[in-house]
Amino acid sequence: MTLSRAAGYSYMQNPALIAGIAVSDAIQIGLGTVSVAQAGVSSIAGSFALTYDKVQRLLTTEARAQMPGSQTAKLTYREELMWIGELKEGFADATIVIEWEGNAYGEIGTAVISRDLDKSTDWTRSSCNINFTRLERIPQPGTDPRTWPIVYRYDGEFDPVGNGKYEFDGEFEINAFGGLMHTRHHVVDRSAIEFLKMGDPEDYVRQRLSVLKQTPEIPAEQIAYLKTKLP
């Protein structure tokens, strides 16, 4: 099992004190709740199957009307999540990526998880099933609501052609500023004849590196919106 360090990840560093004002919840700066736009979206190619929850967090309708800058400030992010495959050349492998939008207001556009077609092979005899599910997490105390991440859990099974079988699970999170943090990754070898396999189980289901990003300054119009919500 491997655990990623959270040190340096933007949401861990920012006290929820904006312009000298303590912020107790996301609604005060106009953010709605994290929602599942569509559950159980499937992508199937041969014997490769991937299912994930489409998740997003956007400004409320009222807040968006008072923050016109939010409509032009978005950025698009694309990061590799993992690689799955046989260590021998000529066998099936797949690179899994996640794409989402974000901005300094704390919005996270609908995340899409898929197989990178340019970095993946055809799947005809090897098989893989993987599922990504959105998790609820209690926010860290004293943190800026814009930095609260979307958390995913994944679990799956990889069966390369011939001898081999691997079960795996883990967790990761993304935030509005392009940050990607892996918090857990575990692979178990269920092969019928283990001593014939090359390398460790984690070599067949590889977790990609975390991506750390700085938290931007809160936009002035979001501070103005916050002040309208104070007693």
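Note: the structure precedes this text.
As a starting point, this report considers the structure included with it. (Residues numbered from 1 in each chain as written. Predicted model: local features only at pLDDT ≥ 70, side-chain atom pairs only at ≥ 80, totals over all residues. Heavy atoms only, no water.)

Observations concerning the overall build of the chain
(1) Moving on: Assigned secondary structure in the chain consists of two helices and twelve strands.
(2) Moving on: Going from the N terminus to the C terminus, the chain shows its helices and strands as β-β-β-β-α-β-β-β-β-β-β-β-β-α.
(3) Moving on: When the 231 residues of the chain are sorted by exposure, 47% land in the buried category.
(4) Moving on: Pairs at least 24 apart in sequence give 67% of the contacts found in the chain among residues at least 6 apart. (Helix = DSSP H or I, 4+ residues; strand = E, 2+ residues; numbered from the N terminus. Buried < 20%, exposed > 50% of the residue type's maximum accessible area, 1.4 Å probe, protein only. Contact = heavy atoms within 4.5 Å.)

Looking at the pattern of salt bridges
(1) Moving on: In this structure the tally under the stated criterion is 14 salt bridges.
(2) Moving on: A salt bridge links R134 to E136, with the nearest nitrogen and oxygen atoms 3.1 Å apart.
(3) Moving on: Residue classification places R134 among the buried residues on the basis of a relative accessible area of 16%.
(4) Moving on: Salt-bridge contacts for R137 lead to E171; the nearest nitrogen and oxygen are separated by 2.8 Å. With R137 in the loop between β8 (127–135) and β9 (150–159) and E171 in strand β10 (residues 166–174), this residue pair connects regions lying 34 residues apart in the sequence. (Salt bridge = Lys/Arg side-chain N within 4 Å of Asp/Glu carboxyl O.)

Concerning the nonpolar core
(1) Moving on: I96, I113, F132, Y152, F172 and I174 are the most contacted members of the largest nonpolar core, which totals 37 residues.
(2) Moving on: Breaking this core down by element, the ones donating at least two residues are β4 (48–56), β5 (75–85), β6 (93–102), β8, β9, β10 and β11 (180–189).
(3) Moving on: Once you skip the residues sitting within four places of it in the chain, F172 turns out to touch L81, I98, I113, F132, I150, V151, Y152, Y154, L180, M181, H182 and T183.
(4) Moving on: Formed by 15 residues, the second largest nonpolar core is a distinct cluster that contains I21, L31, Y225 and L226. (Core = buried A, V, L, I, M, F, W, Y, C linked by side-chain atoms within 4.5 Å.)

Some words on the packing of aromatic side chains
For any pair of aromatic rings, the description rests on two quantities: the centre-to-centre distance and the angle between the ring planes.
(1) Moving on: In this structure the tally under the stated criterion is nine aromatic pairs.
(2) Moving on: For the pair F48 and W123, a centre-to-centre distance of 5.2 Å together with 55° between the ring planes defines the contact as tilted. One end of the pair, F48, is in strand β4; the other, W123, is in the loop between β7 (112–115) and β8, and 75 residues separate them in sequence.
(3) Moving on: Since its relative accessible area comes to 1%, W123 is described here as buried. (Phe/Tyr/Trp six-rings, centres within 6.5 Å; stacked < 30°, edge-to-face > 60°.)

Description of the pairing of β11
(1) Moving on: Here β10 runs beside β11; their pairing, made up of nine bridges, is antiparallel. Note on β11: the bridge partner recorded for F168 is V187.
(2) Moving on: Here β10 folds back onto β11, and the loop between the two strands holds five residues, one of which, G178, carries a positive phi near 90°. (Pairing = 2+ DSSP bridges.)

A look at the sheet that holds β8
(1) Moving on: One open sheet accounts for six strands, arranged β3-β4-β8-β9-β10-β11; its pairing is mixed. Edge strands, defined here as strands with exactly one partner in the open sheet, are β3 (35–45) and β11. Within the sheet, the average angular offset between the axes of one strand and its neighbour, ignoring direction, is 15°. (Axes fitted to C-alpha atoms, helices over the stretch in contact; angles between N-to-C directions.)

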